[in-house]
Amino acid sequence: MNYKIAVCDDSRADREYIMELAGSWAGAAGHTVQLFGFACAEEFLFQYEEKCDYDILLLDIEMGAMDGVTMAKKLRRENDTVQIIFITGYSDYIAEGYEVEALNYLMKPVGEEKLFSVLNRAAEKLSKNERMLNLETRGEMVRIPIYQIRYAEVFGNYVTIHAREDITVKMTLGELEKELDERFYRAGRSVIVNLVQIARVTRTEIRLRSGDTVPLPRGAYEGINRAIINMR
C-alpha cells in the first residue's frame, strides 16, 4: 500500500528522527510512503488545504501558537478517516485525544518497536475504511463506505442504514450484520451501532457523536460497554 504521512514537530531533530523511523517501518512492512515534515501546525494546515489527502499524521502536542490537539480538532471537522498519532513528552493531554479519535499517544523518546506497532494499526484501520457495502435499492446499486455507517435499525421487513444519508433496503438485520465488521455491535433485536461513533452510553440509550440517540434495550448496558472497551 501507498501512504502519505505527515510528521509535525517543532523540534527538527525529533521530526527527522520520526520521519526516518516511519521510512524504516514502510520498508519493513512492504509499503511505499510519501513523508512530509512540518515545523508547526500552521505550516501543515496551509498545505493541507490544497490537498486533503494525508493518511497518517504524527503530531507533536507542544508546538508554538497552535498545539497538536487544536490542529487535530480542525482536521476532524472535515476528515474522519485520517489516522492521528500524538507524540508528546507529557501525559496531561491524553483525555483530549478521545475527542479527536486519536489512534494512540507515543511518549518521547519514541522507540522503534512501539512506533512500528502503532503504524501497523493505522494501516489496518485505513484498509478497513476502504471496505464498501453494496446495497440494491429502488432499482439501483448504492455503495456506502462501511466506516460512514452510524447505526442501522429494522422496521418490519426493512432496514434503514444511517450514514451520510439514510438508505432503506429490504433485508434482515442479520443479513446486514454479516456484511459488517468488529466495529459494529448488535444492541438487541432491532439495532446495530457503530462503536466508533459512540459518544456516551446510559442504561437507556446510546448517544452518538452525530447527536443521534439510539434506545438501549434492557439488559444490554453491560454488553455494549464491554464491546467499547475491547475496541480500544
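Okay, so let's go over this structure. (Residues numbered from 1 in each chain as written. Predicted model: local features only at pLDDT ≥ 70, side-chain atom pairs only at ≥ 80, totals over all residues. Heavy atoms only, no water.)

## Considering the pairing of strand β14 (residues 205-208)
Here β14 shows a clear split, with I206 and L208 buried on one side and none of E205 and R207 buried on the other. As judged from the three bridges shared by strand β13 (residues 198-201) and β14, these two strands associate in the antiparallel manner. Across the sheet, I198 pairs through a bridge with L208, a residue of β14. Counting the residues that bridge the hairpin from β13 to β14 gives three residues. Between β14 and strand β15 (residues 213-215), which follow one another and run antiparallel, lie four residues, and G211 among them has a positive phi close to 100°. (Buried < 20%, exposed > 50% of the residue type's maximum accessible area, 1.4 Å probe, protein only. Helix = DSSP H or I, 4+ residues; strand = E, 2+ residues; numbered from the N terminus. Pairing = 2+ DSSP bridges.)

## Things to note about the side chain of T137
Mapped onto the elements, T137 comes out in strand β6 (residues 132-137). Reaching out from T137, the side chain makes a polar contact with the backbone oxygen of T168 at a distance of 3.2 Å. Dropping the residues within four chain positions of it, T137 is found in contact with V142, I167, T168 and V169. (Polar contact = N/O pair within 3.5 Å; in protein donor to acceptor, adjacent residues only side chain to side chain. Contact = heavy atoms within 4.5 Å.)

## Side note on the sheet that holds β13
Taken in spatial order, the three strands make up an open sheet running β13-β14-β15, and their pairing is antiparallel. Looking at the sheet topology across the chains shown, the edges are occupied by β13 and β15. The mean angle between the axes of side-by-side strands here comes to 25°, regardless of whether they run parallel or antiparallel. Of the strand pairs in this sheet, β14 and β15 are connected by three bridges, and their pairing is antiparallel. Among the inter-strand pairings, I206 is bridged to a residue of β15, identified as V214. Running over the sheet, helix α7 (residues 221-231) touches β13 and β14 and is turned about 145° from β13. (Axes fitted to C-alpha atoms, helices over the stretch in contact; angles between N-to-C directions.)

## Topic: the state of the cysteines
One pass over the structure, following the stated rule, counts zero disulfides. Here C8 is not disulfide-linked; the sulfur of C40 is the nearest cysteine sulfur, at 6.5 Å. For C8, a relative accessible area of 1% translates into the label buried. Classification of C40 by relative accessible area gives partly exposed; the value is 26%. (Disulfide = S-S within 2.5 Å.)

## Here we look at the packing of helix α1 (residues 12-29) against helix α5 (residues 112-129)
Where α1 meets α5, the closest approach of the two axes is 10 Å, and the angle between their N-to-C directions is 60°. Of the possible angle classes, the one that applies to α1 and α5 is oblique. Of the two possible hands of crossing, α1 and α5 adopt the one that is right-handed. When α1 is examined against α5, the residues I18, L21, A22, S24, W25, A28 and A29 are found in contact with a partner set consisting of E112, L115, F116, L119, N120 and A123. Its residues placed into classes, the contact of α1 with α5 shows ten nonpolar, two polar and one charged. (Parallel < 35°, antiparallel > 145°, perpendicular 65-115°, else oblique. Left-handed = near helix turned anticlockwise from the far one by under 90°. Nonpolar A, V, L, I, M, F, W, Y, C, P; charged D, E, K, R; others polar.)

## Observations regarding the packing of aromatic side chains
The full count for this structure, using the stated rule, is eight aromatic pairs. Measuring from ring centre to ring centre gives 5.3 Å for F38 and F44, while their planes differ by 85°; the resulting arrangement is edge-to-face. Relative accessible area serves as the criterion here: at 3%, F38 is assigned to the buried category. Following the ring pairs from residue to residue traces out a cluster consisting of F36, F38, F44, Y48 and Y54. Positioned above the aromatic ring of F36, the side-chain terminus of K4 is 5.2 Å from the ring centre. Above the ring of Y54, the side-chain terminus of K4 is found at 4.5 Å from the ring centroid. (Phe/Tyr/Trp six-rings, centres within 6.5 Å; stacked < 30°, edge-to-face > 60°. Lys NZ or Arg CZ within 6 Å of the ring centre and 35° of its normal.)

## Some words on the sheet that holds strand β3 (residues 56-60)
With parallel pairing, five strands are arranged side by side in an open sheet as β2-β1-β3-β4-β5. Among the strands making up the open sheet, the edge pair consists of β2 (32-38) and β5 (104-107). When strand polarity is set aside, the average angle formed by the axes of neighbouring strands in this sheet is 20°. Direction of pairing for strand β4 (residues 83-88) relative to β5: parallel, over a ladder of four bridges. Within the sheet, the bridge partner assigned to I85 lies in β5 and is N104. Sitting on the sheet, α1 is in contact with β1 (2-8), β2, β3 and β4, with an inclination near 175° to β2.

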